[in-house]
Amino acid sequence: MAKVVDIRAEGLAQRLEGYLTGWAERSGVAVEIWALPARTVPRVVAQAVYATLVEGLANAERHAATHVSIAITVGASGLRMTLSDDGAGFASGESGQPGGRGLVAMRAHFAEAGGTLTANSIPGSGTTIIGLIPA
C-alpha cells in the first residue's frame, strides 16, 4: 500500500511533477502528463490523489507497462484523475470489479476524500484508472 504523504494542498501539482520525473527515470517507463491541477484543492484530496498515483504507477511498473499517461484536472464539479498504462492488463473478477491489493488501496484513498475510483482493463492491452472527487 502506498505511504500517505502530508502534502500541502497548494503544492500538489509541483509534488506530482517531481515524483513523476523521478519515477520515470528510475523505472524506465515513459510518462506523458496531459494535465496537473492548476487549482488549490483540500489537503485530504491532495493526499488521496498523491497516494493513488503512487500506487497506480507501482502497479503499472509491476505489470510491465512501457508508457503511462496522466491527467488530473479540477473544475467546478470537482477533481478528475485519469491514469492509463499499456501494461499487461487483467480480467474483471466475479463481481465485475477488478481488484488486487493495489486497486483496493486506490479505491480506499479516493473514498477517504469522498470520491470514487474505477478501473477498466483489457488483458494484454493495459489499464485505465479513473478517479472522481466531487467538489
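Computed from a predicted structure; not experimentally measured.

### Looking at the packing of aromatic side chains
And step 1. Evaluated as defined, the whole model comprises one aromatic pair.
And step 2. Across the ring face of Tyr 50, the terminal group of Arg 15 is positioned such that the distance to the ring centre comes to 5.4 Å.

### Describing the pattern of salt bridges
And step 1. Tallied over the entire structure, the rule returns one salt bridge.
And step 2. Where Glu 61 meets Arg 26, a salt bridge forms, and the shortest distance between an N and an O atom there is 3.1 Å. Placement of the pair is Glu 61 in helix H2 (residues 43-62) and Arg 26 in helix H1 (residues 12-27), with a sequence separation of 35 residues.

### A word on the nonpolar core
And step 1. Ranked by size, the top nonpolar core spans 30 residues in total, and within it Val 49, Leu 57, Val 68, Ile 70 and Leu 79 carry the most contacts.
And step 2. Of all the secondary structure elements, the ones that give two or more residues to this core are H1, H2, strand E2 (67-75), strand E3 (78-85), helix H3 (101-112), strand E4 (116-122) and strand E5 (126-134).
And step 3. Tallying contributions element by element places H2 first for this core, with nine residues.
And step 4. Not counting residues within four places of it along the chain, the set of residues in contact with Leu 79 comprises Val 41, Val 45, Val 49, Ile 72, Thr 73, Val 74, Phe 110, Gly 131, Leu 132 and Ile 133.

### Points about the confidence of the model for the protein
And step 1. Looking at the protein, the pLDDT average stands at 87 and 87% of residues meet or exceed 70.
And step 2. Below pLDDT 50 for its whole length, residues 1-5 participates in 12 contacts with residues either more than four positions away or in separate chains.

### As for the sheet that holds E4
And step 1. The five strands are arranged E1-E2-E3-E5-E4 in an open sheet whose pairing can be described as mixed. With one partner strand each, in any of the chains shown, strand E1 (30-35) and E4 form the two edges of the open sheet. Strand-to-strand twist across the sheet, computed as the mean angle between neighbouring axes with direction ignored, equals 10 degrees.
And step 2. Judged from the eight bridges that link them, E3 and E5 form a sheet pairing that is antiparallel. By the bridge assignment for E5, Asp 85 is matched with Thr 127.
And step 3. Of the strands in this sheet, E1 and E2 touch H1, which is tilted by about 160 degrees from E1.

Procedures and definitions
Residues numbered from 1 in each chain as written. Predicted model: local features only at pLDDT ≥ 70, side-chain atom pairs only at ≥ 80, totals over all residues. Heavy atoms only, no water. Phe/Tyr/Trp six-rings, centres within 6.5 Å; stacked < 30°, edge-to-face > 60°. Lys NZ or Arg CZ within 6 Å of the ring centre and 35° of its normal. Salt bridge = Lys/Arg side-chain N within 4 Å of Asp/Glu carboxyl O. Helix = DSSP H or I, 4+ residues; strand = E, 2+ residues; numbered from the N terminus. Core = buried A, V, L, I, M, F, W, Y, C linked by side-chain atoms within 4.5 Å. Buried < 20%, exposed > 50% of the residue type's maximum accessible area, 1.4 Å probe, protein only. Contact = heavy atoms within 4.5 Å. pLDDT = per-residue confidence, 0-100. Pairing = 2+ DSSP bridges. Axes fitted to C-alpha atoms, helices over the stretch in contact; angles between N-to-C directions.

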